[in-house]
Amino acid sequence: MAIPAFLADLRAVVGSRMLWLSAVVAVVLDDDGRVLLVQRVDDGCWAPPGGILDPGEQPADGAARECLEETGVVAVPEQLLAVTVSPEITYPNGDLTQYLEVVFRCRPTGGEVRLDEDETLAVGWYALDALPPMGEKELAWIQRAVSGHSEAAFRWNGAVFP
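Since the structure is predicted, the reported quantities are computational estimates derived from the model, not experimental observations. (Residues numbered from 1 in each chain as written. Predicted model: local features only at pLDDT ≥ 70, side-chain atom pairs only at ≥ 80, totals over all residues. Heavy atoms only, no water.)

Draft legend 1. Structural view of the layout of surface pockets. Its boundaries defined by the atoms lining it, the second largest pocket holds a volume of some 270 Å³. Around the second largest pocket sit Ala82, Val83, Thr84, Val85, Lys137, Ala140, Trp141, Arg144, Ala153, Phe154 and Arg155, which together line it. Tallied by class, the residues present in the lining of the second largest pocket amount to 7 nonpolar, 1 polar and 3 charged. (1 Å grid on protein atoms, 1.4 Å probe; cavity = no way out; pocket = protein on both sides within 12 Å on 5 of 7 lines; lining within 4 Å. Points joined across faces, edges and corners; volume = space filled by probe spheres on them. Nonpolar A, V, L, I, M, F, W, Y, C, P; charged D, E, K, R; others polar.)

Here it is, written out as C-alpha cells:
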C-alpha cells in the first residue's frame, strides 16, 4: 500500500512512534441501493473506500479523492455520517498509528469501477443484503448511511470542562 510522501517524510523523523493522523471514509450508495466496497491490500478486509488526508485537505475533498483513487468512481459527499477514533494500529513494519476517522455518505456521479492494484484487491457494488464479511465499525457506517438519520454520530465520554 502506498504511503503518502508527507507521511514518509514524517516517519523518517519520528520513526515508528505513535502518530495521530486524520482519515476519511466514503460510504457511496447508488440509486439501486448498493454500496461501493473495496478489499484492502494491507489487511485483506472489506470496507468502504477511504484513506489518509493530505496536509491542508478538506475532509470532504479527501473522501472524494480517495474514492476515485481506490475505485475509479467519482463521488460527491452529501452528508457527514460520523466522526470516530480508530483503535491503535501496529503495522507489520512496527509503525504505530491512530486515526481520527471522518465518514461521509456519498453519491456516485460518474466514473467506472476499476481496481487500484496498489491499494485494493477487489472493488465492487454490493447489495445491502449481500455484503462481504467486514468489521462491525464498517457495517455500522453503512447502516448509518442508509438509516435516514441526518445528524452525525460521535462518541462522548461525558467529560465536561469548565
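Draft legend 2. Structural context of the state of the cysteines. Evaluation of the coordinates by the stated rule reveals 0 disulfides. For Cys45, which is in no disulfide, the shortest distance to another cysteine sulfur is to Cys67 and amounts to 19 Å. Judged by relative accessible area, which is 40%, Cys45 ranks as partly exposed. No disulfide involves Cys106; its nearest neighbouring cysteine sulfur is the one of Cys67, lying 6.5 Å away. Residue Cys106 is classed as buried on the basis of its relative accessible area, which comes to 1%. (Disulfide = S-S within 2.5 Å. Buried < 20%, exposed > 50% of the residue type's maximum accessible area, 1.4 Å probe, protein only.)

Draft legend 3. Layout of the pattern of salt bridges. Inspection of the entire model under this criterion finds 11 salt bridges. With its nearest N and O atoms 3.4 Å apart, the salt bridge here joins Arg144 to Glu151. Exposure remark for Glu151: the relative accessible area of 42% places this residue in the partly exposed category. Several salt bridges converge on common partners, so that one network encompasses Asp54, Glu57, Arg65, Glu66 and Glu69. (Salt bridge = Lys/Arg side-chain N within 4 Å of Asp/Glu carboxyl O.)

Draft legend 4. Region of the structure containing the pairing of strand E2 (residues 34–40). When E2 meets strand E8 (residues 120–127), the two strands line up antiparallel, connected through 7 bridges. Its bridge partner being in E8, Arg40 is matched across the sheet by Thr120. Taking the residues that link successive antiparallel strands as the turn, the E2-strand E3 (residues 46–47) hairpin has 5 residues, and the phi of Gly44 there is positive, at about 75 degrees. (Pairing = 2+ DSSP bridges. Helix = DSSP H or I, 4+ residues; strand = E, 2+ residues; numbered from the N terminus.)

Draft legend 5. Up close: the side chain of Ser86. Mapped onto the secondary structure, Ser86 falls in the loop between strand E5 (73–85) and strand E6 (89–90). Of note is the side chain of Ser86, whose polar atom sits 2.9 Å from the backbone nitrogen of Tyr99. Ignoring anything within four residues of it in the chain, the contact list for Ser86 reads Gln98, Tyr99, Glu101 and Lys137. (Polar contact = N/O pair within 3.5 Å; in protein donor to acceptor, adjacent residues only side chain to side chain. Contact = heavy atoms within 4.5 Å.)

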